[in-house]
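A closer look at the structure
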Amino acid sequence: MKDKIQKIVVVGGGTAGWMSAALLKRVLGEQVSIELVESDAIGIVGVGEATIPPIQLVNKVLGLDEAEFLRETKATIKLAIRFENWRVNGESYYHTFGAPGRSQAFCHFHHYWVRARQAGDTSNLWDYDLNYICAEAGRFAKLKVDDPVWEMQYAYHFDASLYGQYLRRYSEKLGVNRTEGLIEQVSVNAENGHVESLTLKNGKEVAGDFFVDCSGTRGLLIQQHLGTGYEDWGHWLPCDRAMAVPSERFEKTVPFTRSIAHPAGWQWRIPLQHRNGNGLVYSSRHYSDDEAADILLNNLDSEAIAEPKIIPFRTGRARKQWNRNVVAIGLSSGFLEPLESTSIHLIQSAIVRLITLFPHAGVTRELTDEYNRQSQYEFEYIRDFIILHYYLNERGDSQFWRDVANMDVPERITEKIQLFRANGTLTKDNLDIFLESSWLQVMLGQGVMPEDYHPLADVLSAEQLRDKLAKTRETKLQPVPQIPSHDEFLEAFCKTD
Ligand SMILES: Cc1cc2nc3c(=O)[nH]c(=O)nc-3n(C[C@H](O)[C@H](O)[C@H](O)COP(=O)(O)OP(=O)(O)OC[C@H]3O[C@@H](n4cnc5c(N)ncnc54)[C@H](O)[C@@H]3O)c2cc1C
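Residues numbered from 1 in each chain as written. Predicted model: local features only at pLDDT ≥ 70, side-chain atom pairs only at ≥ 80, totals over all residues. Heavy atoms only, no water.

1. Structural notes on the nonpolar core
Inclusion rule: The term nonpolar core refers to a set of buried residues drawn from Ala, Val, Leu, Ile, Met, Phe, Trp, Tyr and Cys, joined through side-chain atoms within 4.5 Å. For the exposure calls, accessible area comes from a 1.4 Å probe over protein chains only, and a residue counts as buried if that area is under 20% of its type's maximum, exposed if over 50%, partly exposed in between. Strands are runs of DSSP state E lasting at least 2 residues, helices are runs of H or I lasting at least 4, and numbering of each runs from the N terminus. Should any heavy atoms of two residues lie within 4.5 Å, those residues are considered in contact.
Ranked by size, the top nonpolar core spans 140 residues in total, and within it Ile8, Ile329 and Tyr390 carry the most contacts. Among the elements that make up this core, the one with the highest residue count is helix α10 (residues 365-391) (nine residues). Setting aside anything within four residues of it in sequence, one finds Ile8 in contact with Leu24, Leu28, Val32, Ser33, Ile34, Glu35, Phe210, Val212 and Phe358. Phe211, Leu220, Leu221 and Ala328 belong to the second largest nonpolar core, which has 16 residues in total.

2. Re the site of the ligand
What counts, and what does not: Nearness is judged by heavy atoms alone; a residue qualifies as near a molecule or strand once a single heavy atom is within 4 Å of it. As used in this structure description, the phrase polar contact means that two N or O atoms lie within 3.5 Å; if the pair is within protein, one of them must be able to donate a hydrogen and the other to accept it, and residues adjacent in sequence are counted only when both atoms belong to side chains. The Shrake-Rupley method, run with a 1.4 Å probe sphere, supplies the accessible areas, and residue values consider only the shown protein chains as cover.
Contacts to the ligand come from 34 residues, most closely from Gly13, Val47, Ala50, Leu331 and Ile344. Gly13 places a polar main-chain atom, nitrogen or oxygen, 2.8 Å from an oxygen atom of the ligand. In the environment of the ligand, an oxygen atom lies 3.0 Å from a nitrogen or oxygen atom belonging to the backbone of Ser39. Considering the ligand on its own, with 1000 Å² of exposed area, one finds that the protein chains cover 97% of that surface. Broken down by secondary-structure element, the contributors of at least two residues to the shell around the ligand are α1 (15-28) and α9 (343-356). If you tally residues by element for the shell around the ligand, the top one is α9, at three residues.

3. Re α9
What counts is decided by this rule: In this scheme, a helix's expected span is set at 1.5 Å multiplied by one less than its residue total.
Across its 14 residues, α9 extends 20 Å between first and last C-alpha, which sits within 8% of the 20 Å expected from 1.5 Å per residue. For α9, the full list of buried residues reads Ile344, His345, Leu346, Ile347, Gln348, Ser349, Ala350, Ile351, Arg353 and Leu354. Buried residues along α9 sit against α1, α2 (55-62), β11 (210-213), β19 (322-323), β20 (326-328) and α10.

4. Some remarks on the domain arrangement of the protein chain
Interface extent is often summarised as the accessible area lost during association of the parts. Put simply, the test is: Residue ranges assigned to each domain were obtained from an automatic or database domain assignment. Once two parts are brought into contact, the accessible area they lose, counted with a 1.4 Å probe and summed over both, makes up the buried area. Each salt bridge in this description consists of a side-chain nitrogen of Lys or Arg and a carboxyl oxygen of Asp or Glu lying within 4 Å of one another.
For the protein chain, the assigned domains are domain 1 (7-75 + 158-232 + 315-381), domain 2 (80-141 + 388-482) and domain 3 (244-312). Between the C-alpha centres of domain 1 and domain 2 the distance comes to 35 Å. With 15 residues of domain 1 at the contact, the number on the domain 2 side is 15 residues. Between domain 1 and domain 2, a total of about 1300 Å² is buried, with carbon and sulfur atoms accounting for 68% of that surface. When the area that domain 1 buries against domain 2 is broken down by residue, the three leading residues are Leu339, Glu340 and Tyr381, summing to 55%. Summed over the shared surface of domain 1 and domain 2, the result is one salt bridge. In this structure, Glu380 engages Arg412 in a salt bridge whose closest nitrogen and oxygen atoms are separated by 3.8 Å. Counting across the interface, domain 1 meets domain 2 through four residue pairs in polar contact (both at pLDDT 80 or more). Of the residues forming the side of domain 1 that touches domain 2, the biggest block, six residues, is contributed by α10.

5. Brief notes about helix α11 (residues 399-406)
Working note: α-helix, 3.6 residues per turn, so residues spaced by three or four point in the same direction. Note the following rule: Arc, as used here, means the arc of the directions from the helix axis to the C-beta atoms.
By the burial criterion, the buried members of α11 are Phe400, Trp401 and Val404. For α11, the angular spread of the buried residues around the axis is 90°, confining them to a single face. Against β14 (256-262), β15 (265-271) and α10 lie the buried residues of α11.

6. Quick word on the environment of Asn278
By the secondary structure assignment, Asn278 is in strand β16 (residues 275-282). We classify Asn278 as buried; its relative accessible area is 2%. Sequence separation of Asn278 and Ser247 is 31 residues, and the distance between their C-alpha atoms is 7.2 Å. If we ignore the near neighbours within four places in the chain, the residues touching Asn278 are Met243, Ala244, Val245, Pro246, Ser247, Trp268, Arg269, Leu296 and Leu300.

Put into structure tokens, the structure is as follows:
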């Protein structure tokens, strides 16, 4: 009989630590006690402001009130990311959380559009997507719809520090114990290599049966004590630094993230209720920190309100995200640049996976292997999707963009591009968090146009096809006049009386 897991220790109080503590306690309840250790001397990364729609599931499981959540974290709505200058300078496209047209069994809407286009139609695929229409118009509402064609999938932009504090208050109310102190020693069982306890600088000992390592990029347990090893993906994703700076609130908040390509990296602009989040992700081989600061500070919508902060990173993942009785969650488990806002989602997904495979009766090889298999694929699919944006650029205006356009990429990516280019086919694996519509938008946005389409799109006559497209556009536009501006929505929804 293996040892029963009764006490979980979470190491770290950043986004990963508090999300883990909150969700584990909420779901596992009295079955476990949870102690979270964090050190004021080290602090948190404190960036990470854009999310993707599954974050709503976290809020649901935690039972959070959405209006309170928006108020407490100064959040805004995110319908999409607008990629500017990514294919060529001066052009932009959206990756929305919506989908164009109306889904049809066996034949995605874009096949009809490709057929019409080949016959001379000049409409834009995004004109059939309500998320795009509302993002462009700066509008948002939580639509109550009977027809899924009007569903607007959305996520949030929020202040990462406020989010952490909010989850901390939530977790402590549920009974999570917080201990402040610098971990100086880690005791490991000599026989099985499991972590047994942590010793803090003040001499306090924190023992546990299971440890969740949320200690950030240092990977205090998973790397420094268990020596798990790290798979480096810098040859595919050469950016290795970020510079972040907040700026004053811009007059109007748009319901999307902006991602603006520059000669050796890209910049994010994220609107929050009280300020803007900005940052530049860049390759230190191509930009010095001074050059990066010039680019970032000269490309803000509003006045900077703090000094820029440099955050070096190494793209890749821990070789095993669960090793012995330690699961690494957050930056300790690996890092993928925030181009598609996936890190907070990876935290969420790791916690859900841990709960699903929870070792109530003790850690087994089967559980850890399955956990590590799923985590590996999930990371790799996101990595591939991010690579796609770089690889398909046609900028050619700097060594950086020429290098990434000419690199050897994982075969899975070239296969996906070839399939899509040949006849618009899109495939999806279960562990790929991106839907077909995501791959579709980025491939089209980056200039891959299918040469052919699915034969089912030929079932309609030319007139029926024209009619179908016109009606779909009309239907999508129908609710728009009643949808308030994003700022009007926020003001009304977040009101407290
Ligand atoms: C530039 C940048 C932009 C990003 N943007 C996004 C985004 O838009 N969307 C998104 O989803 N994600 C984004 N991310 C990722 C997101 O910021 C992270 O996933 C998130 O902050 C998780 O951090 P963490 O909790 O793992 O680590 P950290 O925030 O680094 O926290 C580490 C914790 O460990 C504790 N600790 C470490 N060592 C010790 C010790 N010895 N003793 C005691 N305590 C210790 C620290 O005190 C701290 O509490 C971004 C990341 C970067 C770098």
